[in-house]
Amino acid sequence: MRPLLVVGGRELAARLRDGTALLIALIAPIVLATMFGFALGGDDDPPLRATIGIVDHDGGEFPASVRREALNAEELRGVLTFKSYVDDTAARAAIDSGEAGAAIVFPAGFSASVGAGDGGEVTVLESADTPLAGVIARSMVDRISALVDARTLAVRASLRAGVPPEDVKLFVEENGAAGPSLELASDPVSGGAVDLAVYYGSGMAVMFAFFVVGLSARGLLTERQLGTLARMRAAPIPAWTAVAGKGAVGFLLALVSMCATWLSSELIFGASWGPPLGVLALILAHVFAATMIVMLVASGARTDAQADGYTLGVAFVFAFLGGSLVPVYNLPDFLQTVSLATPNGWVSAGLTELAAGGGLADVALPVAVVAGIGVVAGVLAVLRFRKGMLA
Amino acid sequence: MKPALVCTDLVKRYGDRTVVDRVGFHIDEGEAYGLLGPNGAGKTTTISMLVGLLRPDGGTVTVGGVDVAADPIAAKRLIGYVPQDIALYPELTARENLRFFGRLYALPRRELAARIGEVLELVGLADRADDRVETYSGGMKRRTNIAVALLHRPRLLILDEPTVGVDPQSRVAILDNVERLVAEGMSLLYTSHYMEEVERVCTRVGIIDRGRLMADGSKRELVAELGGSDRVELVVDGDVEATAEKLRAVEGVSEAVVTGTSSVRLLATGGRHLLPTLIAAASGTAAVTGVEVVEPDLEAAFLHLTGSTLRD
């Protein structure tokens, strides 16, 4: 333990002496989180008062039912307003003028086509200026598509089973596919409930955790180039002391960095990240995972510049895929799935849970997954260090 | 008393390349042993295995009777290792560097402070101890590099090319210090490609080339292997390669190598009497402009054993 403290103390002193700890761990994430918060956060979040236009060329029961169900959805109460437009052009003009955030277009004969088991397609009109209204509209359309598919399947099955075409609608509804119903408790929509000041604040904290640990990884490679790593390894201390000492300091500085960004976000914007215990659990898990991932990256680097480059690459790719830079719900579906391969994605999901009123128990899964990612990366890092730098 | 160091059949391979091939030698307590070989001969790789920085692919190392593989921490306590390159924190002072590394050797705080003062005196840096290492000359850095290895009073001091790149004054100071430490009873492993350093400091020498220990013994024993051969240094004006080739064919010449753009080194029996024949043999490809016949020495022994020079 004593050698670990000696090496850790030296690493901490080096980071404080050259000023990188202060800059990367505190100033940069707090300043960026604050700037993002002021630019994109606050009380004017578009998703919380989204207006969705409806262009009903159908006039049947399906569009009416969708409106009714969406307005009754618990998650959207007080948030969603529908406005009717006569055609696509009028809806597009309304979106362009900011009157509506997005619009759903039901084609003529949609209800009849679905009722007959022939399926149907609705389209969404969106604007880059109101991305979250678009998210809600697309989420609704996803649900509509699922219902249409189910209904189509049921009708076709019934027809094949010999139900006469004129009776099939009644038959299907009596047997469980009783018209459209929407349940909009989907992740993207509830994601809109997170204040963007919190979203970007946590995103910056999560991304900078990698950079902060990266300083220690760089330090390790610098020591290797200086020859001091070999000198440490020739000392009567356990072989892993140098790596562990550096990693421990990276972990602690990243923890301080994330907590400071969290605190600053709450103090500056008055926006809560959620119950402190849940937030702390997510932060601890993420800092652990980031430390192990960066150490894994460092284990393959030959120079400090290479370690820097690798860390930068991993941090930005994970930040993008994991929703630290761009909200996950703005990503294409397959990238939303990919985001769950990153600790960033799970931390974002965990914070969303907390923002939706969840507690420590509700983030158990994200915490476990992020910690698991850390364990896997840690094991791989150990194996790689044993074959390389510590061979 | 147990030997300070025993290594047996050390092997290190990188892929198909064997860089250390069954190297074995021992150093008695208080003995100064020199490992002599050209750059790339495998000296540093061998040392890295001795101090526990590299895992050997074969062979064993014991330091003071402690097996390095079985108990590396106990073995490392007995070793003072001075790496070939300066291994110091440039932004720290010499005293801060010494304090950090001293703590890794678990020296108690008060004892460490006193010991730092002693080793700084020993290497002649007491008056610059609180200056940053980055402001030091190459020689001062080298001396600090050595001071770090002396802090914990090791039984075996391992110096890997400790005078590379230093000014003549610092070189003398380093060699003086090393001799003093050996005189006080410290065991020493000294590697160098400078023949005169090894001759001055060490009582026993191992000659290593291309990863193999070619010979091992006292200077007298190694030179005796030459028989009656002398070392003949020729300065020539002309085609030096062709001249060396021609001289190699002269009867009585056992080795002939080019040592510079206009110099050839020979091992020759009865070198003094052979000179007219050598000069005649060289004619046609070069003119001999200088001759020196040297009594058998380590340089000649090295040439005899390896067929090459201690190239820089």
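The rules behind each value
Residues numbered from 1 in each chain as written. Chains lettered and ligands numbered in written order. Predicted model: local features only at pLDDT ≥ 70, side-chain atom pairs only at ≥ 80, totals over all residues. Heavy atoms only, no water. Domains from an automatic or database assignment. Pairing = 2+ DSSP bridges. Helix = DSSP H or I, 4+ residues; strand = E, 2+ residues; numbered from the N terminus. Axes fitted to C-alpha atoms, helices over the stretch in contact; angles between N-to-C directions. Contact = heavy atoms within 4.5 Å. Expected span 1.5 Å × (residues − 1). Bend = angle between axes of the 7 residues up to and from the residue. Buried < 20%, exposed > 50% of the residue type's maximum accessible area, 1.4 Å probe, protein only. UniProt positions renumbered as here; feature names shortened; annotations may be inferred. Buried area = accessible area lost by both parts, 1.4 Å probe. Polar contact = N/O pair within 3.5 Å; in protein donor to acceptor, adjacent residues only side chain to side chain. Nonpolar A, V, L, I, M, F, W, Y, C, P; charged D, E, K, R; others polar. Phe/Tyr/Trp six-rings, centres within 6.5 Å; stacked < 30°, edge-to-face > 60°. Lys NZ or Arg CZ within 6 Å of the ring centre and 35° of its normal.

### Overview of the domain arrangement of chain A
(1) Moving on: Domain annotation for chain A reports domain 1 (2-42 + 195-387) and domain 2 (46-191).
(2) Moving on: On a C-alpha basis, the centroid separation for the pair domain 1 of chain A and domain 2 of chain A is 42 Å.

### Some details on the sheet that holds strand β12 (residues 253-260) of chain B
What links the strands of a sheet is backbone hydrogen bonding, and the strands pair in either a parallel or an antiparallel sense.
All names here are of chain B.
(1) Moving on: Ordered by their spatial adjacency, four strands build an open sheet running β12-β13-β11-β14, and the pairing between neighbours is antiparallel. Looking along the sheet, the strands with just one partner apiece sit at the ends: β12 and β14 (286-294). Adjacent strand axes in the sheet meet at a mean angle of 25 degrees when their direction is disregarded.
(2) Moving on: By the bridge criterion, eight bridges tie strand β11 (residues 229-238) to β14 in an arrangement that is antiparallel. Looking at the pairing, aspartate 237 lines up with alanine 287 of β14.
(3) Moving on: The sheet strands contacting helix α9 (residues 240-248) are β11, β12, β13 (263-269) and β14, and the helix crosses β12 at an angle near 170 degrees.
(4) Moving on: Together, β11, β12 and β13 form the strand contacts of helix α11 (residues 298-306), whose direction differs from that of β13 by roughly 85 degrees.

### Quick look at helix α9 (residues 196-226) of chain A
Residue and element names in this part refer to chain A.
(1) Moving on: Here α9 spans 44 Å end to end across 31 residues, near enough to the 45 Å set by a 1.5 Å rise per residue.
(2) Moving on: At phenylalanine 208, α9 is bent by approximately 25 degrees, the largest bend along its length.
(3) Moving on: With 26 of its 31 residues buried, α9 lies for the most part within the structure.
(4) Moving on: Just downstream of α9, glycine 227 is the residue with a positive phi angle, here 90 degrees.

### As for the UniProt feature "transmembrane region" (unreviewed entry) in chain A
(1) Moving on: Listed under "transmembrane region" (unreviewed entry) in the UniProt record, and renumbered for this structure, are residues 21-40, 197-221, 242-265, 277-298, 310-329 and 363-383 of chain A.
(2) Moving on: Counting secondary structure, residues 21-40 of chain A comes out at 100% helix and 0% strand; the distance between its end C-alpha atoms is 27 Å.

### Things to note about the sheet that holds strand β2 (residues 17-27) of chain B
All names here are of chain B.
(1) Moving on: Strand order in this open sheet of four strands is β2-β1-β4-β5, and the pairing throughout is antiparallel. Taken across any chain shown, the strands that pair with only one partner, and hence form the sheet edges, are β2 and β5 (66-67).
(2) Moving on: Both strand β1 (residues 5-14) and strand β4 (residues 58-63) contribute to a ladder of five bridges, which runs antiparallel. Within β4, the residue paired with leucine 5 across the bridge is valine 63.
(3) Moving on: In this fold helix α1 (residues 43-50) packs onto β1, β2 and β4, with an angle of close to 120 degrees to the strand it touches most, β1.

### Some remarks on the environment of alanine 32 of chain B
All names here are of chain B.
(1) Moving on: Position of alanine 32 among the secondary structure elements: in strand β3 (residues 32-36).
(2) Moving on: When the C-alpha atoms of alanine 32 and valine 205 are compared, they prove to be 8.6 Å apart, with 173 residues separating the residues in sequence.
(3) Moving on: Once you skip the residues sitting within four places of it in the chain, alanine 32 turns out to touch Val182, Leu188, Val201, Cys202, Thr203 and Arg204.

### A short note on the interface of chain B and chain A
Often, the extent of an interface is quoted as the loss of accessible area on bringing the components together.
(1) Moving on: Each partner contributes to the interface: chain B provides 30 residues, whereas chain A provides 22 residues.
(2) Moving on: Taken together, the two surfaces of chain B and chain A that pack against each other cover about 2,200 Å², and 60% of this comes from carbon and sulfur.
(3) Moving on: For the pair chain B and chain A, the number of links is eight residue pairs in polar contact (both at pLDDT 80 or more).
(4) Moving on: No other element matches helix α3 (residues 94-104) of chain B, which puts five residues into the side of chain B that touches chain A.
(5) Moving on: When the residues that make up the side of chain B that touches chain A are grouped by side-chain class, the tally is 21 nonpolar, two polar and seven charged.

### Quick notes on the packing of aromatic side chains
(1) Moving on: Scanning the entire structure with this criterion turns up ten aromatic pairs over all chains.
(2) Moving on: For the ring pair phenylalanine 106 of chain A and phenylalanine 110 of chain A, a centre distance of 5.6 Å and an interplane angle of 65 degrees mean the geometry is edge-to-face.
(3) Moving on: On the basis of relative accessibility, which here comes to 0%, the residue phenylalanine 106 of chain A falls in the buried class.
(4) Moving on: The buried category is assigned to phenylalanine 110 of chain A, whose relative accessible area is 2%.
(5) Moving on: Geometrically, the ring pair formed by phenylalanine 210 of chain A and phenylalanine 318 of chain A is edge-to-face, given 5.8 Å between the ring centres and 85 degrees between the ring planes. Residue phenylalanine 210 of chain A is found in helix α9, and its partner phenylalanine 318 of chain A is found in helix α13 (residues 304-321); the two are separated by 108 residues along the sequence. In this pair, the class of phenylalanine 210 of chain A matches that of phenylalanine 318 of chain A, namely buried.
(6) Moving on: One aromatic cluster is present, built from ring pairs that chain together Phe208, Phe211 and Phe316 of chain A.
(7) Moving on: Lying across the ring of tyrosine 89 of chain B, arginine 10 of chain A places its NZ or CZ 4.0 Å from the centre.

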